[in-house]
Amino acid sequence: MLNDSETDRPCRSVSPYKAGIKSVCPHCGSAPLFHNILEVHEVCPGCGFDLSAADPGDGAQVFVILVLGGLCAVLGFTLYGFLGLPIWALALALGVFALVGSVWMLRVFKATLIALQFHHDARQGLVDEQKAKL
Ligand SMILES: [Zn+2]
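In this convention, every chain numbers its residues from 1, walking through the sequence in written order. At least 70 in pLDDT is required for a residue's local features to be given in this predicted model, at least 80 for side-chain atom pairs to be given and counted, and no such filter applies to totals for whole chains, interfaces and linings, which use all residues.

Side note on the overall build of the chain
Helix and strand content of the chain: five helices and two strands. Note on conventions: DSSP H or I runs of at least 4 residues are helices, E runs of at least 2 residues are strands, and numbering of each starts at the N terminus. The helix and strand sequence of the chain, counted from the amino end, reads α-α-β-β-α-α-α. For the chain, with 134 residues in total, the buried portion stands at 19%. Contact criterion: two residues are in contact if their C-beta atoms, reconstructed from the backbone, are within 7 Å. A fraction of 54% describes how many contacts in the chain between residues 6 or more apart in sequence connect residues 24 or more apart. Counting other C-beta atoms within 10 Å of a residue's C-beta gives its exposure: the residue is buried at 20 or more, exposed at 12 or fewer, and partly exposed in between, where C-beta atoms are placed from the backbone.

See below:
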């Protein structure tokens, strides 16, 4: 268990890409980042690192839509064109692929963006007057 002074600053020993692929805490690299399916823990259950500032925004969704949409189109053309699958089987296969793929990719992309955010110490910009007060 890390103490508070160690948990306040981002840890750069964990690769943000490995943490993203595994969907684990960007600080300790072992505890799960999500509870339920896609909700980020407020505090890491393993090391106590404050994850409340994690905000990937809509970035993960945009990546998933672009990448998975392209993959679904290629898979659909392949299944229909080369294998001659009936439309109902094509809709079923693509539906399952899109559903499972989008949940998995959202977890990976969201975890990677959060890990990169902590790795580079990214935060909301401040006006000079606000900086002076801090
Ligand atoms: Zn942790």
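With respect to the confidence of the model for the chain
You can read pLDDT as the predictor saying how much it trusts each residue, on a scale of 0 to 100. Overall, the predicted model of the chain reaches an average pLDDT of 86, with 87% of residues at or above 70. Taken together, the stretch residues 1-7 has pLDDT below 50 and engages in 10 contacts with residues farther than four places along the chain or on a different chain.

Considerations on the environment of Glu42
You can see Glu42 is positioned in the loop between strand E2 (39-40) and helix H3 (59-81). What makes Glu42 exposed here is the crowd of 12 C-beta atoms within 10 Å. Taking the C-alpha atoms as reference points, Glu42 and Ala53, separated by 11 residues in sequence, lie 8.4 Å from one another. In this view, Glu42 contacts Leu51 and Ser52; residues no more than four positions away in its chain are not counted.

Quick notes on helix H4 (residues 87-119)
Helices are assigned an expected span. That span is 1.5 Å times one less than the residue count. With 33 residues, H4 ought to run about 48 Å at 1.5 Å a step, and its terminal C-alpha atoms sit 46 Å apart, in line with that. Along H4, the residues classified as buried are Leu106, Arg107, Phe109, Lys110, Ala111, Thr112, Ile114, Ala115, Gln117 and Phe118. Among the structural elements, helix H2 (16-22), strand E1 (34-35), E2 and H3 are those in contact with the buried residues of H4. Directly beyond the C-terminal end of H4, a positive phi value near 55° is found at Asp121.

Quick look at the environment of Gly59
Among the structural elements, Gly59 can be located in helix H3. Judged by local crowding, Gly59 falls into the partly exposed class, with 16 C-beta atoms found within 10 Å. Between the alpha carbons of Gly59 and Leu106 there is a distance of 9.8 Å; along the sequence they are 47 residues apart.

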